[in-house]
Amino acid sequence: MGTREAHSGQEGPGFRTFVAICLGQAVSMVGSRASRLALGIWLFQRTGAVTDFALVAMCDALPVLLLLPFTGVVADRYDRRRVMLWADSAAALCTLAVAGLVLSGHFQSWHLYLAVIAGASASALQSPAWSAAISQLVPPAQLSRAVGLVQVSEGMTDILAPTLAGWLLAMGGMMAALVFDFATFLVGVSLLLLLRFPAVPRAEAGGHQGSAWREAVRGWEYVASRRELVGLLVLASMVTMTLCSMEVLVPPMLLAHTSPAVMGMVMSVAGVGALCGSVAMSTWSGPRRKMDGVLGAGALMGLALIGAGLGGSVVVMAVAGWVAMFCMPVVWSCAHAVWQLRIPAELQGRAFGLRRMVGEATAVVVFFGAGPLVDRVLEPLLAPDGALAGSLGGVFGVGKGRGVGLLLFLLGLLLMTVMAVVRARPGLYRIEDEVLQDNPTHATGVGG
């Protein structure tokens, strides 16, 4: 990446290469998601047990948590384009193995769990390499825009994959979904084979020094020794906690008073908000000071949660969901840009692995803790005869679903308060001011 391109922020060859690879990865991701959904539908039709879905989710989450510290090292040790090729190829081989089992008539439920573990492991290898490669391809001024494009592709995947999975199963059964998955893999890997990434400065990276564990620790030490990066990681974890809480709490809150069809409509409106936010970030790039985007969108997300907690109508929930999910890509894109600007290119694979690992751990805690907190504590408190029915019940209402409303309100209030405190204190808010002092290579675009 040339100095002039890094300073100008224009769409040079690196940005065009990024767009092409992003498109290929998006196509491949749609195929993978559609085939995984098709396999899940097959499992449910075979067993009829909801518990199997929880086991599939565990098989999908645990490899990511366990492998990310080391796959981040791989992303920093080796050429990131090759790492992505390895990961995509491993996922494709898994698809071919499942297809072979299906054709032979030997495919069983436990094969599905192994396939999910293998796919999640490939994702754990691919994710830090792709995240770190973005700063190799894109000048600093275009980072948040690039992340916005990635989020647009993820949003489109969430919209397209379920419909494609159902259509493929109806048209040709599980084999149709697997063939489609492999075809989309060919699109993604073909673009990776045709295009090249700029080199990471290995002299700065220090080569292959020490064990994989020691190199993983080095990435953690770099983040831990900088209070502002730790603060940004905590801030991102709070946003993740909020979004995961919405994911598990809003549907039952709606179902307490509306039909599944209405609930689906509200969730679709929220999904459209996320897609609109991603499109906005892919064209706008966010404010000049990226922390203004993180804190401003985070505070607006908190305000939306407060509205969702206080209001119980479908319209209020739909508007709050749209606003909250619109803010999500703004927060992630701006935070991602700050993260890439503050961390040397040779450490970004490990740093992004650490960040995703913290996010996954936060999600697991929320998924396991939010339900019992609502069912055993907050819902009984706001029951018609509950301890808070005569006080907070006058504000939030009483009855089924109001405990969820109280929790959403508290989460929104917490998010707004934290964003305001961070804005008032110079340390974390001024994190971008230290880029030139702490990592001068970003000033010229050298090495990423």
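These figures come from a predicted structure and were not determined experimentally.

Caption draft 1: Molecular detail of the overall build of the protein. Within the protein, the secondary structure is distributed over 18 helices and zero strands. Per-residue burial over the protein gives 52% buried out of 448 residues. Accessible surface, the protein: about 19300 Å² in total, of which carbon and sulfur atoms supply 69%.

Caption draft 2: View of the nonpolar core. Counting residues in hydrophobic clusters, the biggest one holds 72 residues, and the most contacted among them are Leu235, Met246, Met291, Val294, Leu295, Met301 and Trp339. When neighbours within four sequence positions are excluded, Leu235 is seen to be in contact with Met291, Val294, Leu295, Val418, Met419, Val422 and Leu428. In terms of nonpolar packing, the next biggest core, distinct from the first, is built from 26 residues, Phe185, Val189, Leu192 and Phe197 among them.

Caption draft 3: Spatial organisation of the packing of aromatic side chains. A complete count under the given rule lists six aromatic pairs for this structure. Relative to Phe18, the ring of Phe15 has its centre 5.8 Å away and its plane inclined at 55 degrees; by these criteria the two rings are tilted. Remark: Phe18 and Phe15 occur in helix α2 (residues 13-47); sequence separation between them is three residues, near one turn of the helix. Measuring from centroid to centroid gives 5.7 Å for Phe18 and Trp130, while their planes differ by 15 degrees, and the two rings are stacked. Of the two residues, Phe18 sits in helix α2 while Trp130 sits in helix α5 (residues 109-137), which places them 112 residues apart along the sequence. Assessed through its relative accessible area of 0%, Phe18 is described here as buried. In this structure, Arg289 packs its charged tip against the face of Tyr429, placed 5.2 Å from the ring centre. The ring of Tyr429 carries the charged tip of Arg423 above its face, separated from the ring centre by 4.0 Å.

Caption draft 4: Fine view of α5. Spanning 29 residues, α5 covers 41 Å between terminal C-alpha atoms, matching the ideal 42 Å at 1.5 Å per step. Across the 29 residues that make up α5, a large majority, 23, are buried.

Caption draft 5: Seen up close, the packing of helix α9 (residues 227-255) against helix α11 (residues 290-310). One can describe the packing of α9 onto α11 by two numbers: an axis separation of 12 Å at closest approach and a directional angle of 25 degrees. Here α9 lies roughly parallel to α11, going by the angle between them. The element α9 and its partner α11 pack so that their crossing is left-handed. Side by side, α9 and α11 meet where Leu232, Leu235, Val239, Thr242, Leu243, Met246 and Met253 of the first sit next to Met291, Val294, Leu295, Met301, Leu305 and Ala308 of the second. Across the contact of α9 with α11, the residue classes break down as twelve nonpolar, one polar and no charged.

Caption draft 6: Representation of a nonpolar patch on the surface in the model. A surface patch of nonpolar side chains, about 260 Å² in accessible area, is lined by Leu62, Leu66 and Leu67. Mapped onto the secondary structure, Leu62 falls in helix α3 (residues 51-77). Classification of Leu62 by relative accessible area gives partly exposed; the value is 40%.

Caption draft 7: Layout of the packing of α11 against helix α12 (residues 314-342). One can describe the packing of α11 onto α12 by two numbers: an axis separation of 8 Å at closest approach and a directional angle of 160 degrees. In terms of their interaxial angle, α11 and α12 are classed as roughly antiparallel. At the point where α11 passes α12, the crossing takes the left-handed sense. Of the residues belonging to the contact of α11 with α12, the class tally is 21 nonpolar, three polar and one charged.

Caption draft 8: A look at the environment of Ile117. As for its placement among the helices and strands, Ile117 is situated in helix α5. By relative accessible area, Ile117 is classed as partly exposed at 33%. When the C-alpha positions of Ile117 and Val64 are compared, they lie 9.1 Å apart, and in sequence the two are 53 residues distant. Those residues in contact with Ile117 that lie beyond four places of it in its chain are Cys59 and Pro63.

Caption draft 9: How the structure looks around the environment of Gly394. Within the element layout of this structure, Gly394 appears in helix α14 (residues 393-396). The exposed category is assigned to Gly394, whose relative accessible area is 68%. Separated by twelve residues in sequence, Gly394 and Leu382 have C-alpha atoms that sit 9.8 Å apart.

Caption draft 10: Examining α9 more closely. A rise of 1.5 Å per residue sets the reference length of α9, with its 29 residues, at 42 Å; its end C-alpha atoms lie 42 Å apart and thus fit the reference within 8%. The axis of α9 is deflected most strongly, by about 35 degrees, at Leu249, and proline Pro251 appears within four residues downstream.

Caption draft 11: Just the confidence of the model for the protein, in detail. Confidence along the protein averages 78 in pLDDT terms, with 85% of residues attaining 70 or more. Here helix α1 (residues 3-8) is the element of the protein with the lowest mean pLDDT, 36, and α11 is the one with the highest, 91. This stretch, residues 1-10, has a pLDDT under 50; its non-local contacts, to residues over four places away or in other chains, come to 28 contacts. Across residues 203-208, where pLDDT falls below 50, the model places ten contacts with residues more than four positions away in sequence or in other chains.

Caption draft 12: The arrangement of the side chain of Arg81 in detail. In this structure, Arg81 sits in helix α4 (residues 80-104). Buried charge Arg81 goes without a salt bridge, the closest partner of opposite sign being Asp79 at 4.3 Å. A polar contact of 2.6 Å, which involves the side chain of Arg81, links it to the backbone oxygen of Leu192. Discounting residues that sit within four places of it in the chain, Arg81 has contacts with Leu192, Leu193, Leu195, Arg196 and Phe197.

How each quantity is defined
- Residues numbered from 1 in each chain as written.
- Predicted model: local features only at pLDDT ≥ 70, side-chain atom pairs only at ≥ 80, totals over all residues.
- Heavy atoms only, no water.
- Helix = DSSP H or I, 4+ residues; strand = E, 2+ residues; numbered from the N terminus.
- Buried < 20%, exposed > 50% of the residue type's maximum accessible area, 1.4 Å probe, protein only.
- Areas by Shrake-Rupley, 256 points an atom, 1.4 Å probe, with all protein chains shown as cover.
- Core = buried A, V, L, I, M, F, W, Y, C linked by side-chain atoms within 4.5 Å.
- Contact = heavy atoms within 4.5 Å.
- Phe/Tyr/Trp six-rings, centres within 6.5 Å; stacked < 30°, edge-to-face > 60°.
- Lys NZ or Arg CZ within 6 Å of the ring centre and 35° of its normal.
- Expected span 1.5 Å × (residues − 1).
- Axes fitted to C-alpha atoms, helices over the stretch in contact; angles between N-to-C directions.
- Parallel < 35°, antiparallel > 145°, perpendicular 65-115°, else oblique.
- Left-handed = near helix turned anticlockwise from the far one by under 90°.
- Nonpolar A, V, L, I, M, F, W, Y, C, P; charged D, E, K, R; others polar.
- Patch = residues over 30% accessible without salt bridge, like charges linked within 9 Å, V, L, I, M, F, W, Y side chains within 5 Å.
- Salt bridge = Lys/Arg side-chain N within 4 Å of Asp/Glu carboxyl O.
- Bend = angle between axes of the 7 residues up to and from the residue.
- pLDDT = per-residue confidence, 0-100.
- Lys, Arg positive; Asp, Glu negative; His and termini not counted.
- Polar contact = N/O pair within 3.5 Å; in protein donor to acceptor, adjacent residues only side chain to side chain.

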